[in-house]
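Structural features, examined
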Amino acid sequence: MNRFFVAVVFGVCCATVAAQTTASVEDRAADAERASINAERSHSEAAYLLEQKACYQKFAVNDCLRGAGAHQRKILADLRRREIAVNDAQRKRQAAERAERRQQKAAAEQREQAERQSDVRSANQPEQETKRRQERAASGSDRRAKATANESKNIQDSEARKQRHLDENASQARKAADAAAQRAQYEEKVRAADERRADRDRRRQEDRKPPANPLPMPP
């Protein structure tokens with residue numbers, strides 16, 4: 001990873017040096033063009049002064065001066081256009097170079113950031129794997145705990161159902177015993193009532209029976 005980053009930086013540096021070399025050549029060419037323009041301007045101004053002196057020796061001085069001035073202005077305008085063109089070209093080239101340097105710097109920073117992130121991921125990979133194993137183990141423990149809890153709940157529910165069944169049977173047995181006792185009490189009351197009624201009937205019959213004849217007197 002580090003060797004790759006060094007190679008990238010070296011490539012960027014080489015490209016920067018090459019661009020700077022090209023810029024130096026173009027700067028020297030621009031400086032040479034400006035020097036040529038300045039030399040031509042100086043030569044034109046000197047020639048214009050000579051023409052002005054010559055005009056004063058002529059009969060039509062004003063016409064001569066106007067012609068010399070127009071010629072001088074044309075030369076200076078051409079030189080100014082050349083100078084503006086050189087300056088504009090240099091400004092555009094310098095702006096392009098600055099933009100290219102910014103792009104190269106941004107690209108280098110992005111590559112460096114990508115390298116750092118890759119190193120961080122590589123460094124964190126064992127930790128992440130350990131974390132995943134722990135999560136899987138915790139998940140397995142949770143499943144086992146849930147299974148144990150479900151099994152315990154099922155056992156408790158089964159015991160509760162059995163207890164309810166026993167309670168229902170006991171309740172039914174108590175109800176049956178109570179019903180049998182009530183029937184026995186009722187039957188006992190009926191039997192006692194029947195006996196009392198029979199006893200009353202017997203006493204009535206005895207009361208209605210005529211008295212027995214007295215025994216005969218002995219002779």
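Attention here is on the structure that accompanies the text. (Residues numbered from 1 in each chain as written. Predicted model: local features only at pLDDT ≥ 70, side-chain atom pairs only at ≥ 80, totals over all residues. Heavy atoms only, no water.)

Observations regarding the overall build of the chain
Note the cut-off: The way it works is that DSSP assigns letters per residue, a run of H or I at least four long becomes a helix, a run of E at least two long becomes a strand, and they are numbered from the N terminus. Burial here depends on accessible area, computed with a 1.4 Å probe over protein chains only, as a share of the maximum for the residue type. Under 20% is buried, over 50% is exposed, and the range in between is partly exposed. Whether two residues touch is decided by their heavy atoms; if any such pair falls within 4.5 Å, the residues are in contact. Per-residue and other accessible areas follow the Shrake-Rupley method at a 1.4 Å probe size, with only the shown protein chains counted as cover for residues.
Counting its regular elements, the chain contains two helices and zero strands. With 219 residues in all, the chain has 11% of them scored as buried. In the chain, of all internal contacts separated by at least 6 residues, the share reaching a separation of at least 24 is 74%. Carbon and sulfur atoms make up 55% of the accessible area of the chain, which totals about 17900 Å².

Section: the pattern of salt bridges
The condition that has to hold: Each reported salt bridge corresponds to a side-chain nitrogen of Lys or Arg within 4 Å of a carboxyl oxygen of Asp or Glu.
Within this structure, the stated rule accounts for 20 salt bridges. When the shortest N-O distance is used, the salt bridge between Glu-97 and Arg-93 registers 2.9 Å. With Glu-97 and Arg-93 both in helix H2 (residues 61–208), this residue pair falls four residues apart, about one helical turn. Like Arg-93, Glu-97 is buried. Among the ionic contacts, a cluster of salt bridges with common partners joins Glu-26, Asp-27, Arg-93 and Glu-97.

Remarks on the state of the cysteines
Threshold: A pair of cysteine sulfur atoms is labelled a disulfide when the two atoms are within 2.5 Å.
A full pass over the atoms with the stated rule returns one disulfide. The disulfide partner of Cys-55 is Cys-64, and the gap between their sulfur atoms is 1.8 Å. In this structure, the disulfide formed by Cys-55 and Cys-64 twists by about -65 degrees around the S-S bond and is classed as left-handed.

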